[in-house]
Amino acid sequence: MKNQIIIFVLCGLVAGLAGPGEAVILHVSRDGSQTPPYDSWENAFSNLNAAVLAAQDDDKVWVSNGTYKLTGDLILTNRVVVESLSGCSNTFLDANKAGRHFQISNSSAVVDGFTMTNGNASVEGGSVRMAAGCLRNCVIANNNVSGSGGGVYMTGGTVSNCWIAQNTAPSWAVNGGGVYAAGDARVDSCSIVSNGPV
């Protein structure tokens, strides 16, 4: 009986340490084995889309070096941080001209440290469409939109310390080959160069 009580107490402590709702770090690596709980580079997600889809409020998605081909827009509606291990010079997101890289709508969502290329959208943001949150320390280049904001389309949130270049929008779109910003959107300490009409 005494041993049973000890086991119950220990199980309760473990459950308390890893209970539902506790923030976790989800690792992403091109060489990951896709093995739950994705808490090391060895058993990491190999698919960034799957990792972002699995992330809950206050989780961090930590992405190792390499190039990741996206299979659709990465949609951040939760309080999630998506951050590269070694910054935008080592971590690349390729949208394969099949969609955007990110849609961000949560005020506490953060995207940090990626180079994003080959985004393509029919309206509003070739690489990133955001209504809230923070995009920082990124390179956004060679993306295209058929509407406004060849690189970024934002009606809220902050873009900070980013290089936004060589993105395109159609010549009739008066609202930004590089960035379209309206409402409460804020752009801080960014270089926005060589963007223009198709």
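Residues numbered from 1 in each chain as written. Predicted model: local features only at pLDDT ≥ 70, side-chain atom pairs only at ≥ 80, totals over all residues. Heavy atoms only, no water.

Q: Quick rundown of the overall build of the protein? Include the residues and the values.
A: Looking only at helices and strands, one finds 2 helices and 22 strands in the protein. Looking at the protein as a whole, 42% of its 198 residues qualify as buried. Taking the contacts inside the protein whose residues are at least 6 apart along the sequence as the reference set, 61% of them involve residues at least 24 apart. Surface summary for the protein: the accessible area is close to 9700 Å², and the carbon and sulfur share equals 53%. (Helix = DSSP H or I, 4+ residues; strand = E, 2+ residues; numbered from the N terminus. Buried < 20%, exposed > 50% of the residue type's maximum accessible area, 1.4 Å probe, protein only. Contact = heavy atoms within 4.5 Å. Areas by Shrake-Rupley, 256 points an atom, 1.4 Å probe, with all protein chains shown as cover.)

Q: Any details on the side chain of Thr-115? Residues and values, ideally.
A: Relative to the assigned elements, Thr-115 resides in strand E9 (residues 115-117). Judged by its relative accessible area of 11%, Thr-115 falls in the buried class. A polar contact is formed between the side chain of Thr-115 and the backbone oxygen of Cys-88, at a distance of 2.7 Å. Those residues in contact with Thr-115 that sit more than four places away from it in its chain are Cys-88, Thr-91, Phe-92, Leu-93 and Val-139. (Polar contact = N/O pair within 3.5 Å; in protein donor to acceptor, adjacent residues only side chain to side chain.)

Q: Break down the nonpolar core for me, with residues and values.
A: Burial of nonpolar side chains together is a common tendency in soluble globular proteins. One finds Phe-102, Leu-135 and Val-152 to be the most contacted residues of the largest nonpolar core, which totals 34 residues. Where this core is concerned, the elements lending two or more residues are strand E1 (25-28), helix H2 (48-54), strand E2 (60-63), strand E4 (74-76), strand E7 (102-104), strand E11 (128-130) and strand E15 (152-154). Among the elements that take part in this core, H2 stands out by supplying 3 residues, more than any other. Beyond its immediate chain neighbours, meaning those up to four positions away, Leu-135 contacts Val-111, Met-116, Val-128, Met-130, Ile-140, Val-152, Thr-158, Val-159, Ser-160 and Cys-162. (Core = buried A, V, L, I, M, F, W, Y, C linked by side-chain atoms within 4.5 Å.)

Q: Tell me what's going on with the confidence of the model for the protein, and back it up with residues and numbers.
A: Looking at the protein, pLDDT values average 89 and 87% of them are 70 or higher. For residues 1-19, every residue scores under 50 in pLDDT, and the model assigns this stretch 2 contacts once sequence neighbours within four places are set aside. (pLDDT = per-residue confidence, 0-100.)

Q: An account of the side chain of Ser-64 is needed here, citing residue identities and associated values.
A: Inspection of the secondary structure assignment puts Ser-64 in the loop between E2 and strand E3 (66-69). Sequence-distant contacts of Ser-64, defined by excluding residues within four places in its chain, comprise Val-28, Ser-29, Trp-41, Leu-85 and Thr-91.

Q: How would you explain the state of the cysteines if you had to name every residue and give the values?
A: Per the stated rule, a full pass over the model turns up 0 disulfides. Here Cys-190 is not cross-linked by a disulfide; its sulfur's nearest cysteine counterpart is in Cys-162, at 4.8 Å. (Disulfide = S-S within 2.5 Å.)

Q: Break down the environment of Gly-72 for me, with residues and values.
A: The residue Gly-72 is located in the loop between E3 and E4 in this model. As for Gly-72 and Ala-95, which are separated by 23 residues in sequence, their C-alpha atoms are 7.4 Å apart. The contact partners of Gly-72, leaving out residues within four places of it in the chain, are Asn-49 and Arg-100.

Q: An account of unusual backbone geometry is requested, with residue identities and associated values reported.
A: The linkage connecting Pro-36 with the following residue, Pro-37, adopts the cis geometry, with an omega of 5°. Relative to the helices and strands, Pro-37 resides in the loop between E1 and H2. For Asp-58, which is not glycine, the phi dihedral falls at a positive 75°. Topologically, Asp-58 is positioned in the loop between H2 and E2. Notably, Gln-166 is not glycine yet its phi reads approximately 60°, a positive angle. Within the secondary structure, Gln-166 is located in the loop between strand E17 (163-165) and strand E18 (168-169). The class of Gln-166 is partly exposed, set by a relative accessible area of 47%.

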